[in-house]
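# What the coordinates show
What follows is the residue order along each chain.
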Amino acid sequence: MSDVAGIYAHESSYLDRYVQVGIAQGRVISVSFPETPDEGAEADHDLLNRIDAYLDGVEETFEDVQVALTVPTDQRKILESVREIPYGQDSSVAQLVRMTPGLDDGSDDDIRAVREALTENPAPLLIPDHRVRDGPGATPPAIVDKLRSIEGI
């Protein structure tokens with residue numbers, strides 16, 4: 001993916017939406033689930049094929065996919081911790097606070113920071129906010145339910 005840049009989208013019959021990824025300098029900069037793709041989005045990309053396989057029930061972690069996190073450092077640490085939640089498992093916001101270096105689950109500010117980072121997640125699915133059971137996320141609720149169902153959580 002190193003020289004690839006653009007917007008790519010593929011329709012998912014399971015999600016009843018498109019899966020759309022934005023890529024710059026070979027790194028994913030966005031993932032979204034629009035009802036219609038952006039004009040000019042291309043349909044052919046290896047990552048979309050992997051996402052299709054995941055949606056068909058193939059266990060996929062996407063851990064090798066580089067995500068360009070253009071978010072503040074505190075949010076980056078949190079979102080990197082979200083990526084560590086294993087396929088088929090979930091976490092609470094409090095557990096995610098404990099997983100993130102430098103945060104304290106007894107701190108209302110740190111809990112608020114985690115919730116904000118989840119909401120600002122630029123690449124849901126690759127940064128699996130659907131695995132945080134009691135937190136907000138960038139993944140639309142109907143999609144969260146389907147992704148959790150795929151993973152048996």
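Residues numbered from 1 in each chain as written. Predicted model: local features only at pLDDT ≥ 70, side-chain atom pairs only at ≥ 80, totals over all residues. Heavy atoms only, no water.

For the rest of this paragraph, the subject is the overall build of the protein. Assigned secondary structure in the protein consists of five helices and three strands. Along the chain direction, N to C, the helices and strands of the protein fall in the order β-β-β-α-α-α-α-α. Here the C-alpha radius of gyration of the protein, 15 Å, is about what a compact globule of 153 residues would show, namely 15 Å. Seen through its C-alpha atoms, the protein measures out along the principal axes to roughly 45 × 30 × 25 Å. Taking all 153 residues of the protein together, the buried fraction comes to 43%. (Helix = DSSP H or I, 4+ residues; strand = E, 2+ residues; numbered from the N terminus. Rg over C-alpha atoms; globule rule 2.2 N^0.38 Å. Buried < 20%, exposed > 50% of the residue type's maximum accessible area, 1.4 Å probe, protein only.)

Bringing helix H1 (residues 46-55) into the picture now. H1 sits mainly inside the fold: seven of its ten residues count as buried. Listed in full, the buried residues belonging to H1 are Leu-47, Leu-48, Arg-50, Ile-51, Asp-52, Tyr-54 and Leu-55. Along its buried surface, H1 packs onto strand E1 (6-12), strand E2 (17-24), strand E3 (27-32) and helix H5 (141-151). (Contact = heavy atoms within 4.5 Å.)

With that settled, consider the domain arrangement of the protein. Domain annotation of the protein identifies domain 1 (6-56) and domain 2 (73-151). Taken over C-alpha atoms, the centre of domain 1 sits 21 Å from the centre of domain 2. Listed as interface residues are 13 residues of domain 1 and, on the opposing side, 15 residues of domain 2. On the domain 1 side of the interface with domain 2, the three residues burying the most area are Tyr-14, Phe-33 and Tyr-54, jointly 52% of the side's total. Joining domain 1 to domain 2, the criterion identifies zero salt bridges. Along the contact surface separating domain 1 from domain 2 lie four residue pairs in polar contact (both at pLDDT 80 or more). When contributions to the side of domain 1 that touches domain 2 are tallied by element, the ones reaching two or more residues are E3 and H1. Looking at the side of domain 1 that touches domain 2 residue by residue, the classes come out as ten nonpolar, one polar and two charged. (Domains from an automatic or database assignment. Buried area = accessible area lost by both parts, 1.4 Å probe. Salt bridge = Lys/Arg side-chain N within 4 Å of Asp/Glu carboxyl O. Polar contact = N/O pair within 3.5 Å; in protein donor to acceptor, adjacent residues only side chain to side chain. Nonpolar A, V, L, I, M, F, W, Y, C, P; charged D, E, K, R; others polar.)

Okay, the packing of aromatic side chains next. Per the stated rule, a full pass over the model turns up two aromatic pairs. Measuring from centroid to centroid gives 6.1 Å for Tyr-54 and Tyr-87, while their planes differ by 90 degrees, and the two rings are edge-to-face. Taken together, the residues Tyr-54 in helix H1 and Tyr-87 in the loop between helix H2 (73-82) and helix H3 (93-99) connect sequence positions 33 residues apart. Judged by its relative accessible area of 16%, Tyr-87 falls in the buried class. Feature note: the residues Tyr-54, Phe-62 and Tyr-87 constitute an aromatic cluster, connected by ring pairs. (Phe/Tyr/Trp six-rings, centres within 6.5 Å; stacked < 30°, edge-to-face > 60°.)

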